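As a plain string of letters, each chain reads:
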Amino acid sequence: MYAYIDGKLSVKCPTHVVIEAGGVGYHINISLHTYSLLPKQERCKLYTWLHVKEDAHTLYGFIEEGERKLFLHLISVSGIGPNTGRMMLSSITPQEIQQAIVKGDVPLIQRIKGIGPKSAQRLILELQDKLKKEGPDSLISIPQNYTIRDEALSALVMLGFPKNNAEKALDQAISGSNESLSVEQLIKIALKSL
């Protein structure tokens, strides 16, 4: 429902933050990983996920898109809820979790509070192939200074074009134009050569 919330950081705690956006204060649960990367300044942006239950609507926030993506993978596994997923992301870094799952490192995953041997094995069994396919770069956050070329590349990849082909088409479009192009114009020109 909410892709991200960008606003004034009103409250900052290791377990949650309150971000004021549009006159509304959003209480957002965070991991220690996100807490450690939160900016010092007042303004911040968190990628969010809303957990809806009968008795509560709970927002979870992540400083990086990759962390949110991993969180969603983790909670897709039977027996792993949002609080356990957040605990995992607070115990070790998202990259370490991904590597442990890909390599089948049960002892490392078991060291996380709330994860027993069966849960660790289930995580590996259900997520190993998915995370291998995504590769180690899937957790790299999207740069904040996103260029027009980056946005166009992201759009083409989401449309299903191979990244290498899309990059070549975008480079041709940029070099073939004398004026600065908008994202839409760049995508349209690139699509003609793909």
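Look a little higher up for the structure.
Bear in mind that the values here come from a model prediction, so they are computed numbers and not experimental data.

The next subject is the sheet that holds strand β5 (residues 57-62). Across a sheet, paired strands are connected by hydrogen bonds in the backbone, their directions being either parallel or antiparallel. The strand order around the closed barrel built from 5 strands is β1-β2-β3-β5-β4, with neighbouring strands paired in mixed fashion. Adjacent strand axes in the sheet meet at a mean angle of 55° when their direction is disregarded. With 6 bridges connecting them, strand β2 (residues 16-21) and strand β3 (residues 24-30) associate as antiparallel partners. The partner of Val-17 across the bridge, within β3, is Ile-28.

Below, the discussion takes up helix α8 (residues 163-175). Compared with an ideal rise of 1.5 Å per residue, which puts 13 residues at 18 Å, α8 spans 18 Å between its outermost C-alpha atoms and is within 8% of the ideal. Looking at α8, one finds that the buried residues are Ala-166, Ala-169, Leu-170 and Ala-173. Each buried residue of α8 sits inside an arc of 100° when the element is viewed along its axis, so together they form one side. Turned more than 90 degrees from where α8 packs its buried face, Asn-164, Lys-168, Gln-172 and Ser-175 sit exposed. Against the buried residues of α8 lie α7 (148-158) and α9 (183-193).

What follows concerns the pattern of salt bridges. The final tally for this structure, using the stated rule, is 3 salt bridges. As a salt-bridge pair, Arg-43 and Asp-6 come within 3.6 Å of each other at their nearest N and O atoms. Taken together, the residues Arg-43 in strand β4 (residues 43-52) and Asp-6 in strand β1 (residues 4-12) connect sequence positions 37 residues apart. Using a relative accessible area of 32% as the deciding quantity, one classes Asp-6 as partly exposed. Notably, a salt bridge pairs Arg-149 with Asp-171, separated by 2.9 Å at the nearest N-O pair.

Cut-off values and rules
Residues numbered from 1 in each chain as written. Predicted model: local features only at pLDDT ≥ 70, side-chain atom pairs only at ≥ 80, totals over all residues. Heavy atoms only, no water. Pairing = 2+ DSSP bridges. Helix = DSSP H or I, 4+ residues; strand = E, 2+ residues; numbered from the N terminus. Axes fitted to C-alpha atoms, helices over the stretch in contact; angles between N-to-C directions. Expected span 1.5 Å × (residues − 1). Buried < 20%, exposed > 50% of the residue type's maximum accessible area, 1.4 Å probe, protein only. Arc of directions from axis to C-beta. Contact = heavy atoms within 4.5 Å. Salt bridge = Lys/Arg side-chain N within 4 Å of Asp/Glu carboxyl O.

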